[in-house]
Amino acid sequence: MASPNSVKIIDICEVAAAYDSTKSTTETILSPTFFELSGLRFPPSECLCFFKLTDSNPTFFHSVIFPILKQSLSHALLHFLPIVGSLTWPPESSRPFFVYHLNNDSVSVTLAECNGDFDRLIGNGIHEAVESHPYAPHFVATETRSPLLALQVTLFPNKGFCIGMETHHAIFDGKSASMFLRAWAYTCKYIVEKGEAPRLLPEEITPSFEWKSIQDSKGLEEAYINLWATIGKRLESGSDSNPRSVEPLPKLEVQPNLLRANFHLSSEVIKKLRESVLRYHPEATDPTKRQNLSTYVLACSYVSICLVKARGGDADREVYFAWSADCRSRLDPPLPPNHFGNTAVVHHIVSKAGDFMQENGLAIIAEKLSASIKRLEKGLIEGSNERLEMLLSLGPEVQLISVAGSTGLEFYNTDFGWGNVEKVELTSIDRTGSFSVLDIRNGSDRRTEIGVALKRPEMESFASFFSNGLEVIF
């Protein structure tokens, strides 16, 4: 007998970009910059978007809704042609590159059905992390070639559906993933309402692939290629490992009994957190000493102190907090906001666990994170490859806290024509130990959503520290 949450695969199809006579039908090659090379072999990211749809009986969904989803995907992909192709590294080449062919390439889309508890999945309550993973797609890569995108649409009859997306770090960062998803949703809603695909997309979701303006003045491209060859041999423990592989490193297994839950910080709570920091750092109001107390900084600082307290242990141990900077607006000259690619660079701060645990831990960590962001003005990419290697080599004795997502990504601003997304889940954090940060902006409802995946004792402690800390601030 099938389990209550069993997922039945109905079909696996390939969706190609819509035909356009103005597009080249020959093979096109795109050379990655050092930004894309920095994510060359990271395990792919996974994102789930859940949509309510009570009229989603199987007959109607399979005959009407899913065909429109495929049609709109085909038209959306016409604007994102590189992601239809693959990342490849032929034996005769000194470096990897992206290659796509309008007539030959496509994106794998899995159609599935599930009789699981949809209302439970879209709620914010604590649930087993593994419950979400059957709704995430998986692409198959080899050493010489890797897809860049895979999709899965899972129907929950008469409840709703889930769109799962797996993306390759070599071309997708959070902003690029959100841009593609919103472009697909815009195209789909346009077809639902007007019966035809739009000829153009709004500027903010029309991708720019002008990568040639990014200059490698620091020799980072070669450094990243060498770094991944070294890491691949070390992690795969084989002298025969191919140093020119583009196959993502194996995903970490989801730990048994891992729980996940969402927590929220309202705009009013963020305001109170900012006031709390300023009580300990009144000089921060001085323009010459002003700290970056953005929603992102305050949310990350608060969540990290709750995570360290939940872990407990020796107050003298070191804690590494890793975060990613979007470099689009920070380069000289800056890239356009709709630049498509992975332009995230990892930075970090190091502090004693005791700093997080102090009464004024929020102010201490917010100051450190703010200072780290301010240093980007002097050295955005300096030492980025050495920093990545160091973070990947940290032992289990070190608590490494990292963040996935960011405010301003607009994942929650996604409507395929049947209603706005109800729940977004970055399932990758179940494997990496990261926590996720996303913003929700529906009219007057403005919140910052925090996703965490922890073992039960730590989850219970985290929830307690998270709630009690806010009560003290208020």
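See the structure above.
So, here is what we can say about the structure in this document. (Residues numbered from 1 in each chain as written. Predicted model: local features only at pLDDT ≥ 70, side-chain atom pairs only at ≥ 80, totals over all residues. Heavy atoms only, no water.)

**Side note on the pairing of strand S3 (residues 45-52)**
Cut-off, in case you're wondering: Note on exposure labels: buried denotes an accessible area under 20% of the residue type's maximum, exposed denotes more than 50%, and partly exposed covers the range between, all computed with a 1.4 Å probe on protein chains only. Only DSSP runs of H or I with at least four residues qualify as helices, and only runs of E with at least two residues qualify as strands; both kinds are numbered from the N terminus onward. For two strands to be treated as a pair, DSSP must find at least two bridges joining them.
In terms of burial, S3 is a largely internal element, 6 of the 8 residues being buried. Taken together, the 8 bridges between S3 and strand S10 (residues 160-167) define a ladder with antiparallel strand orientation. What sits directly across from Cys-49, in S10, is Ile-163. One ladder, built from 3 bridges, connects S3 with strand S15 (residues 423-425); its direction is antiparallel. Its bridge partner lying in S15, Cys-49 is registered against Val-424.

**Comments concerning the sheet that holds strand S1 (residues 7-15)**
The condition is simple: Here an axis means a line fitted to C-alpha atoms, over the contact stretch when the element is a helix, while the angle between two N-to-C directions is reported on a 0 to 180 degree scale. Here, residues are in contact when the closest pair of their heavy atoms is within 4.5 Å.
The strand order S1-S6-S9-S10-S3-S15 describes an open sheet built from 6 strands, whose pairing is mixed. Either end of the sheet is taken by a strand with one partner, and the two such strands are S1 and S15. Across the sheet, the axes of successive neighbouring strands diverge by a mean angle of 15°, strand direction being ignored. Sheet analysis places S1 next to strand S6 (residues 107-114), joined by 8 bridges and oriented antiparallel. The residue bridging Val-7 from the neighbouring strand is Cys-114, located in S6. Against the sheet, helix H2 (residues 58-77) engages S1, S6, strand S9 (149-156) and S10, with an angle of about 160° to S6. Here helix H5 (residues 174-194) sits on the sheet and contacts S3, S9 and S10; the angle it forms with S10, its principal contact strand, is near 140°.

**A few points about the nonpolar core**
Quick reminder of the rule: For the purposes of this section, nonpolar cores are sets of buried Ala, Val, Leu, Ile, Met, Phe, Trp, Tyr and Cys residues that join through side-chain atoms within 4.5 Å.
Core analysis: the biggest nonpolar cluster contains 132 residues, and Phe-180, Trp-184, Leu-265, Leu-273, Tyr-302, Phe-435 and Phe-462 have the highest contact counts within it. Ranked by the residues each element gives to this core, the list is headed by helix H8 (residues 295-311), at 12 residues. Leave out the neighbours within four places in its chain, and Tyr-302 touches Leu-265, Leu-273, Leu-362, Phe-465, Phe-466, Gly-469, Leu-470 and Ile-473. Judged by nonpolar contacts, the second largest core, of 10 residues, contains Leu-48, Phe-50, Ile-122 and Phe-156.

**What about the sheet that holds strand S12 (residues 318-326)?**
Here we have 7 strands laid out as an open sheet, ordered S7-S11-S17-S16-S14-S12-S13, and mixed in their pairing. The open sheet is flanked by strand S7 (127-128) and strand S13 (344-352), the only strands paired with a single partner. Bridge count between S7 and strand S11 (residues 258-266): 2 bridges; the pairing is antiparallel. Across the sheet, His-127 pairs through a bridge with Arg-260, a residue of S11. Its contacts with the sheet place helix H11 (residues 384-392) against S12, S13 and strand S14 (399-405), and it is angled at close to 55° to S13.

**Regarding the packing of H8 against helix H10 (residues 361-374)**
For the record, the criterion: With respect to orientation, any angle under 35 degrees is reported as roughly parallel, any angle over 145 as roughly antiparallel, any angle of 65 to 115 as roughly perpendicular, and every other angle as oblique. In this scheme the crossing of two helices becomes right-handed for a clockwise turn of the near helix relative to the far one and left-handed for an anticlockwise turn of less than a right angle. Three classes are used: nonpolar for Ala, Val, Leu, Ile, Met, Phe, Trp, Tyr, Cys and Pro, charged for Asp, Glu, Lys and Arg, and polar for all others, with Gly counted as polar.
Between H8 and H10, the shortest axis-to-axis distance is 9 Å and the interhelical angle comes to 130°. By the angle class used here, H8 and H10 are oblique. Note that H8 runs across H10; the crossing there is right-handed. Residues Val-297, Leu-298, Cys-300, Ser-301, Tyr-302, Ser-304 and Ile-305 of H8 lie in contact with H10, whose contacting residues are Gly-361, Leu-362, Ile-365, Ala-366, Leu-369 and Ile-373. Considering only residue class, the contact of H8 with H10 consists of 10 nonpolar, 3 polar and no charged.

**A look at the side chain of Ser-176**
Residue placement: Ser-176 occurs in helix H5. On the basis of relative accessible area, Ser-176 is assigned to the buried category, the value being 0%. Once residues within four sequence positions are removed from consideration, Ser-176 is found in contact with Ile-171, Arg-328, His-339, Phe-340 and Gly-341.

**Concerning the environment of Pro-243**
Along the chain, Pro-243 turns up in the loop between helix H6 (220-236) and S11. Since its relative accessible area comes to 37%, Pro-243 is described here as partly exposed. For the pair formed by Pro-243 and Tyr-186, sequence separation is 57 residues and the distance between their alpha carbons is 41 Å. With residues near it in sequence (within four places) discarded, Pro-243 still touches Trp-89 and Ala-229.

**A look at the packing of H2 against H5**
Closest axis-to-axis distance for the H2/H5 pair is 8 Å, and the angle between their directions is 125°. By the angle class used here, H2 and H5 are oblique. Of the two possible hands of crossing, H2 and H5 adopt the one that is right-handed. Residues Ile-68, Leu-69, Gln-71, Ser-72, Leu-73, His-75, Ala-76 and Leu-77 of H2 form the contact with H5, whose participating residues are Phe-180, Ala-183, Trp-184, Thr-187, Cys-188, Ile-191 and Val-192. Class assignment for the residues of the contact of H2 with H5 results in 11 nonpolar, 4 polar and no charged.

**Here's the deal with unusual backbone geometry**
Across the junction of Asp-332 and Pro-333, the peptide omega takes the value 0°, indicating a cis bond. Here Pro-333 is to be found in the loop between S12 and S13. Here the phi dihedral of Asn-257 falls at roughly 65°; this positive angle occurs in a residue that is not glycine. Exposure remark for Asn-257: the relative accessible area of 56% places this residue in the exposed category. Although it is not a glycine, Glu-410 sits at a positive phi angle of roughly 65°. Residue position: Glu-410 is located in the loop between S14 and S15.

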